[in-house]
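# Architecture at a glance
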Amino acid sequence: MIERKLEGVTADKVTFTQEEEAAFYRKLVGLVSEFHSIPVKKFGYLGGGEDRMGAFFEDEFDERVESLEEKGVYTADELQNMKDILT
């Protein structure tokens, strides 16, 4: 996805020597590590710096755990606590 926004040739189209390929992947690992170390409040698609999956996830959570409350596996308070942690 990021490659689509950058000018130049994509990595799969470049011919590397063995040393160049190793250097490329060392740099790529560093960049991806930095990207994934950016803290966010929640998880999901980031648009404008904020996650946009919150409402979707809340609905999915409610739908998937409804039967657990009905069967007495968890209380409503326990499920709400889980939801608060996850969302």
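Everything in this summary refers to the structure shown in the same document. (Residues numbered from 1 in each chain as written. Predicted model: local features only at pLDDT ≥ 70, side-chain atom pairs only at ≥ 80, totals over all residues. Heavy atoms only, no water.)

## What about a nonpolar patch on the surface?
Together, Tyr25, Leu28 and Val32 make up an exposed nonpolar region whose accessible area comes to about 240 Å². Classification of leucine 28 as partly exposed rests on a relative accessible area of 34%. (Patch = residues over 30% accessible without salt bridge, like charges linked within 9 Å, V, L, I, M, F, W, Y side chains within 5 Å. Areas by Shrake-Rupley, 256 points an atom, 1.4 Å probe, with all protein chains shown as cover. Salt bridge = Lys/Arg side-chain N within 4 Å of Asp/Glu carboxyl O. Buried < 20%, exposed > 50% of the residue type's maximum accessible area, 1.4 Å probe, protein only.)

## Concerning the side chain of lysine 83
Tracing the backbone shows lysine 83 in helix H4 (residues 76-86). In this structure lysine 83 comes out as buried when scored by relative accessible area, which is 12%. Residues contacting lysine 83, with those up to four places away along its chain left out, are Glu58, Phe61 and Asp62. (Helix = DSSP H or I, 4+ residues; strand = E, 2+ residues; numbered from the N terminus. Contact = heavy atoms within 4.5 Å.)

## Re the pattern of salt bridges
Overall, the coordinates contain one salt bridge when judged by the stated rule. Lysine 83 serves as the salt-bridge partner of aspartate 62, at 2.9 Å between the closest nitrogen and oxygen. Taken together, the residues span a long stretch of sequence, with aspartate 62 in helix H3 (residues 54-70) and lysine 83 in helix H4 at a distance of 21 residues. Exposure remark for aspartate 62: the relative accessible area of 36% places this residue in the partly exposed category.

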